[in-house]
Amino acid sequence: MNSRPAPFDELDRKIINALMANSRTSFAEIGSAVGLSSTAVKRRVDRLRETGVITAFTATVEPSALGWLTEAYVEVYCEGAAPPRRLAEVVRNHPEITAAMTVTGGADALLHVRARDVEHFEGVLERIRAEPFVRKTISVMVLSHLIPESPEAGATHPAPE
């Protein structure tokens with residue numbers, strides 16, 4: 001994929017907004033809203049996918065329906081400079097980690113964790129802390145979502161067995 005974003009115009013932006021609101025919206029419905037035929041919308045969506053502007057179509061599910069009843073953000077502090085590549089390898093081994101990023105500030109990384117319950121979360125935290133380069137973690141439990149329609153409020157990963 002290119003390192004710079006592909007150019008797109010105002011019609012593309014409207015199509016993207018419609019798909020972000022509901023990825024199941026038909027090309028005909030989008031076309032009607034933006035003033036294009038369904039064929040023209042499909043061509044634009046195909047181009048947006050090919051150029052990497054649209055990366056996926058996904059379903060957002062109520063996390064509790066999947067058994068995710070506990071949610072937290074975990075700051076990870078590493079010994080020395082743990083390369084992002086190594087951190088990425090570690091987080092891929094934990095299906096409970098639904099998002100992970102390197103960050104500025106005191107912490108080296110921030111993890112979004114979903115678990116069945118507090119006991120399950122504690123086990124995940126113990127596995128993260130067992131990594132040889134992890135110096136400490138600080139966890140913040142989520143009590144409620146103030147913007148319930150945000151992607152962070154929904155689940156995009158199935159619950160682990």
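Conventions we followed
- Residues numbered from 1 in each chain as written.
- Predicted model: local features only at pLDDT ≥ 70, side-chain atom pairs only at ≥ 80, totals over all residues.
- Heavy atoms only, no water.
- Helix = DSSP H or I, 4+ residues; strand = E, 2+ residues; numbered from the N terminus.
- Expected span 1.5 Å × (residues − 1).
- Contact = heavy atoms within 4.5 Å.
- Polar contact = N/O pair within 3.5 Å; in protein donor to acceptor, adjacent residues only side chain to side chain.
- Pairing = 2+ DSSP bridges.
- 1 Å grid on protein atoms, 1.4 Å probe; cavity = no way out; pocket = protein on both sides within 12 Å on 5 of 7 lines; lining within 4 Å.
- Points joined across faces, edges and corners; volume = space filled by probe spheres on them.
- Core = buried A, V, L, I, M, F, W, Y, C linked by side-chain atoms within 4.5 Å.
- Buried < 20%, exposed > 50% of the residue type's maximum accessible area, 1.4 Å probe, protein only.
- Salt bridge = Lys/Arg side-chain N within 4 Å of Asp/Glu carboxyl O.

Okay, helix 5 (residues 118–129) next. Over its 12 residues, helix 5 runs 16 Å from end to end, which matches the ideal 16 Å to within 8%, given 1.5 Å per residue. Buried residues in helix 5 make contact with strand 1 (70–78), strand 2 (97–102), strand 3 (109–115) and strand 4 (134–141). The residue sitting at the N-terminus of helix 5 and contributing the capping side-chain oxygen is D117; that oxygen lies 3.2 Å from the backbone nitrogen of E119.

This part covers the pairing of strand 2. Bridge count for strand 2 against strand 3 is five bridges, and the pairing is antiparallel. By the bridge assignment, M101 is partnered in strand 3 with L110. What sits between strand 2 and strand 3 in their antiparallel hairpin is a turn of six residues, with G105 showing a positive phi close to 100°.

Let's shift gears to empty space enclosed by the protein. One pass over the structure, following the stated rule, counts one cavity of 30 Å³ or more. For the largest cavity, the calculated volume is near 60 Å³.

Here we take up the nonpolar core. The biggest cluster of nonpolar side chains holds 19 residues, and the ones touching the most others in it are V74, V76, L111, V113, F121 and F133. Looking at this core, the elements with two or more residues in it are strand 1, helix 4 (84–92), strand 3 and helix 5. The contacts of V113, once residues within four sequence positions are left out, are T70, E71, A72, V74, E96, I97, F121 and V124. Counting nine residues, the second-largest nonpolar core is a separate cluster that includes I15, V34, L48 and I54.

Our focus in this paragraph is the environment of L143. Position of L143 among the secondary structure elements: in the segment after strand 4. In this structure L143 comes out as exposed when scored by relative accessible area, which is 84%. Separated by 124 residues in sequence, L143 and L19 have C-alpha atoms that sit 29 Å apart.

All told, the structure shown has nine salt bridges when counted by the stated rule. E71 is the salt-bridge partner of R114, the closest N and O atoms lying 3.4 Å from each other. Placement of the pair is R114 in strand 3 and E71 in strand 1, with a sequence separation of 43 residues. The burial state of R114 is the same as that of E71; both residues are buried. The shortest N-O distance in the salt bridge between E89 and R86 comes to 3.4 Å. Placement of the pair is E89 and R86 together in helix 4, with a separation of three residues, close to one helical turn. Here the salt bridges share partners, and the residues they tie into one network are D9, D12, R44 and R47.

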